[in-house]
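Summary of the model geometry
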Amino acid sequence: MTRRRIYARIYGRVQGVAFRHYTRKEALKYALSGWVRNVRDGSVELQCEGYDEDVTLFLEWLNYGPPMAKVEHVDWREISQEKEDVFVELDFQVRATV
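The following paragraphs examine the structure supplied in this document. Keep in mind the model is a prediction, meaning the values are calculated, not measured.

Below, the discussion takes up the overall build of the protein chain. Broken down by element type, the protein chain carries two helices and five strands. Taking 13 Å as the expected radius of gyration for a compact globule of 98 residues, we find that the protein chain reaches 12 Å, a close match to that expectation. Counting only C-alpha atoms, the protein chain reaches 35 × 25 × 20 Å along its principal axes. Each of the 98 residues in the protein chain was classed as buried or not, and the buried ones make up 44%. Restricting to contacts in the protein chain with at least 6 residues of sequence separation, those with at least 24 account for 80%.

Within the chain, A18 stands out as a residue other than glycine whose phi angle is a positive 65°. Examined against the element boundaries, A18 turns out to sit in the loop between strand 1 (3-13) and helix 1 (19-29). Here A18 falls in the partly exposed class, since its relative accessible area comes to 39%. Of note in the backbone geometry, A31 takes a positive phi value of approximately 60° without being a glycine. Its location among the elements puts A31 in the loop between helix 1 and strand 2 (33-38).

Buried within helix 2 (residues 52-62) are the following residues: V55, F58, L59, W61 and L62. The buried residues of helix 2 occupy one face: seen down the axis, they fall within an arc of 155°. Those residues of helix 2 hidden inside the fold are in contact with strand 1, helix 1, strand 3 (44-51) and strand 4 (70-78).

For strand 3, a buried count of seven out of eight residues is recorded, marking the element as mostly surrounded by other parts of the structure. Across six bridges, strand 2 lies against strand 3 in antiparallel orientation. Paired with V36 across the bridge in strand 3 is L46. From the end of strand 2 to the start of strand 3, which pair antiparallel, there are five residues, and G42 there has a positive phi angle of about 100°.

In this section: helix 1. A turn of α-helix holds 3.6 residues, and therefore any two residues three or four places apart point the same way. For helix 1, the set of buried residues is F19, T23, E26 and A27. An end-on view of helix 1 places all buried positions within 100° of arc, on one side of the element. Set apart from the buried face of helix 1 by more than 90 degrees, the exposed residues are H21, K25 and K29. Looking at the packing, one finds that the buried side of helix 1 touches strand 1, strand 2, strand 3, helix 2, strand 4 and strand 5 (92-94). Positive backbone phi, approximately 60°, marks A31, located one or two places after helix 1.

Rules and cut-offs
- Residues numbered from 1 in each chain as written.
- Predicted model: local features only at pLDDT ≥ 70, side-chain atom pairs only at ≥ 80, totals over all residues.
- Heavy atoms only, no water.
- Helix = DSSP H or I, 4+ residues; strand = E, 2+ residues; numbered from the N terminus.
- Rg over C-alpha atoms; globule rule 2.2 N^0.38 Å.
- Buried < 20%, exposed > 50% of the residue type's maximum accessible area, 1.4 Å probe, protein only.
- Contact = heavy atoms within 4.5 Å.
- Arc of directions from axis to C-beta.
- Pairing = 2+ DSSP bridges.

What follows is the structure in structure tokens.
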């Protein structure tokens, strides 16, 4: 199985609706490692790593998000998996706003 890592930025009504909490829950459901955080411009950003199929399913979920969210669009891209920057532990963190 192939592993991949992505960076995503989610726009719309994605703050104040428990988006980060639900995102962490969904990421752990797919055994993804990484992080999610709010951005001061009102968007949410994240990085995650996992098996190709799991990341694809997670990306599909991001297009809808949790019940109270209204996702307008998701920008995402593949990012390289540098040896020293690999998510070692199976954890998905909610980080502070930037």
